[in-house]
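Residue strings, one per chain:
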Amino acid sequence: MSTLAYALSDSKTMLRRNLKHALRYPTMTISVVAMPVMMLLLFNYAFGGALGAGIPGAGGGAYIDYVAPGIILMTATAGAVATAVGVCVDMTEGIVNRFRTMSISHAAFLTGHVVGSLVQTLIAIALVIGVALAIGFRPDASAVEWIAAIGLLTLLTLALTWLSAGIGLVAKNPESASNMPMPLTFLPFLGSAIVPTDSMPTGLRWFAEYQPFTPAIETLRGLLMGTGIGNSGYIALAWCVGLSLVGYFWARSAFGRTVKR
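First, a word on scope: everything that follows refers to the structure included in this document. Predicted, not measured: the structure shown is a model, and the values here were computed from it. (Residues numbered from 1 in each chain as written. Predicted model: local features only at pLDDT ≥ 70, side-chain atom pairs only at ≥ 80, totals over all residues. Heavy atoms only, no water.)

## What to know about a positive patch on the surface
Alright, step 1. Residues Lys12, Arg16, Lys20 and Arg24 make up a contiguous surface patch of positive charge.
Alright, step 2. Residue classification places Lys20 among the partly exposed positions, given a relative accessible area of 45%. (Patch = residues over 30% accessible without salt bridge, like charges linked within 9 Å, V, L, I, M, F, W, Y side chains within 5 Å. Areas by Shrake-Rupley, 256 points an atom, 1.4 Å probe, with all protein chains shown as cover. Salt bridge = Lys/Arg side-chain N within 4 Å of Asp/Glu carboxyl O. Lys, Arg positive; Asp, Glu negative; His and termini not counted. Charge placed at Lys NZ, Arg CZ, Asp CG, Glu CD. Buried < 20%, exposed > 50% of the residue type's maximum accessible area, 1.4 Å probe, protein only.)

This is the structure:
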């Protein structure tokens, strides 16, 4: 069997391990779904009337159509915390030391965590979409646009998962690993997830328009609601690919230094 075949086999074993661990200890996975659902309900029912009144086309109870794409995307950022904690727990509880004594591909550890977290987060996104549909979200996307939207969410989730894996590797303990990804969780609030950037003060509007989540949110909203996305799609893809590469090389470098110690 070739080296690549061994690596793939070991990666599948690690993926199965992480998925079984998620089933046995579902608290973190539940929190990935619970936070976006609570925000969706809060902004739709508590703040929707006031916020929707200032958004063209979002009045009369249609604010859910504006805010739902942003909250759906924020589910991907919520999954980042679970990834960082999961990697950090393995690093601090000694399981990696055991792996060092076994004939296991070093790449399989990270691959299992990243792919496992990707699967869990995409399931969470599907559940949040289901809740959004249940409370009145009415997307106007064709089958092709839905595929494009899912592809964007998958790519963004992959990028955030690699970044979170790097965070989990450098964090000293699970508590710090759960706190370090928080900026990723709240950056969409400083974008166009809740209100348009046009309504923000000049300095904040400049930041909101040029941070990575705004073009992703605008692209997702345009795809799901059947509106134009302009150049947001290209910018969002560039951010996703760039963040994926940064996260991948950072995580691989951090894990390599750990294994050599």
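So much for the structure itself; the text now carries on.
## Quick word on the pattern of salt bridges
Alright, step 1. Counted by the stated rule, this structure contains 1 salt bridge.
Alright, step 2. With its nearest N and O atoms 2.9 Å apart, the salt bridge here joins Glu218 to Arg221. With Glu218 and Arg221 both in helix H11 (residues 213–225), this residue pair falls 3 residues apart, about one helical turn.
Alright, step 3. Residue classification places Arg221 among the buried positions, given a relative accessible area of 7%. (Helix = DSSP H or I, 4+ residues; strand = E, 2+ residues; numbered from the N terminus.)

## Examining the layout of surface pockets
It is the rolling of a water-molecule-sized probe over the atoms that shows where space remains empty.
Alright, step 1. Looking at the largest pocket, its volume works out to about 440 Å³.
Alright, step 2. Taken together, 20 residues form the lining of the largest pocket, with His21, Met28, Ala82, Gly86 and Gln120 sitting closest to its centre.
Alright, step 3. Contributing elements (two or more residues each) for the lining of the largest pocket: helix H1 (3–24), helix H2 (27–46), helix H4 (63–92) and helix H6 (106–134).
Alright, step 4. Element by element, the count of residues in the lining of the largest pocket is highest for H4, at 7 residues.
Alright, step 5. Residues belonging to the lining of the largest pocket are distributed by class as follows: 7 nonpolar, 11 polar and 2 charged. (1 Å grid on protein atoms, 1.4 Å probe; cavity = no way out; pocket = protein on both sides within 12 Å on 5 of 7 lines; lining within 4 Å. Points joined across faces, edges and corners; volume = space filled by probe spheres on them. Nonpolar A, V, L, I, M, F, W, Y, C, P; charged D, E, K, R; others polar.)

## Looking at the packing of helix H7 (residues 143–170) against H11
Any two packed helices are characterised by how steeply their axes cross, that is the angle between the axes, and by the distance between the axes.
Alright, step 1. Closest axis-to-axis distance for the H7/H11 pair is 8 Å, and the angle between their directions is 160°. Between H7 and H11, the angle falls in the class roughly antiparallel. Crossing hand, H7 versus H11: left-handed. Residues Glu145, Trp146, Ala148, Ala149, Leu152, Leu153, Leu156 and Leu160 of H7 lie in contact with H11, whose contacting residues are Phe213, Ala216, Thr219, Leu220, Leu223 and Leu224. (Axes fitted to C-alpha atoms, helices over the stretch in contact; angles between N-to-C directions. Parallel < 35°, antiparallel > 145°, perpendicular 65-115°, else oblique. Left-handed = near helix turned anticlockwise from the far one by under 90°. Contact = heavy atoms within 4.5 Å.)

## Some details on the side chain of Ser192
Alright, step 1. Along the polypeptide, Ser192 turns up in the loop between helix H9 (182–186) and helix H10 (202–210).
Alright, step 2. Among all residues touching Ser192, those that are not within four sequence positions of it are Tyr66, Thr197, Thr214, Ile217, Glu218 and Arg221.

## Some words on a nonpolar patch on the surface
Alright, step 1. Taken together, Leu190, Leu204, Trp206, Phe207 and Tyr210 make up a surface patch of nonpolar side chains, about 520 Å² in accessible area.
Alright, step 2. You can see Leu204 is positioned in helix H10.

## Quick notes on H2
Residue pairs spaced three or four apart in an α-helix point in one direction, given the helix's 3.6 residues per turn.
Alright, step 1. Given a rise of 1.5 Å per residue, 20 residues ought to cover 28 Å, and the 27 Å separating the end C-alpha atoms of H2 matches this to within 8%.
Alright, step 2. For H2, the set of buried residues is Val32, Val33, Pro36, Val37, Met39, Leu40, Phe43 and Asn44. An end-on view of H2 places all buried positions within 155° of arc, on one side of the element. Facing away from the buried side of H2 by over 90 degrees, the exposed positions are Thr27, Ile30, Met38, Tyr45 and Ala46. (Expected span 1.5 Å × (residues − 1). Arc of directions from axis to C-beta.)

Such coordinate-based values are descriptive only and should not be taken to indicate function.
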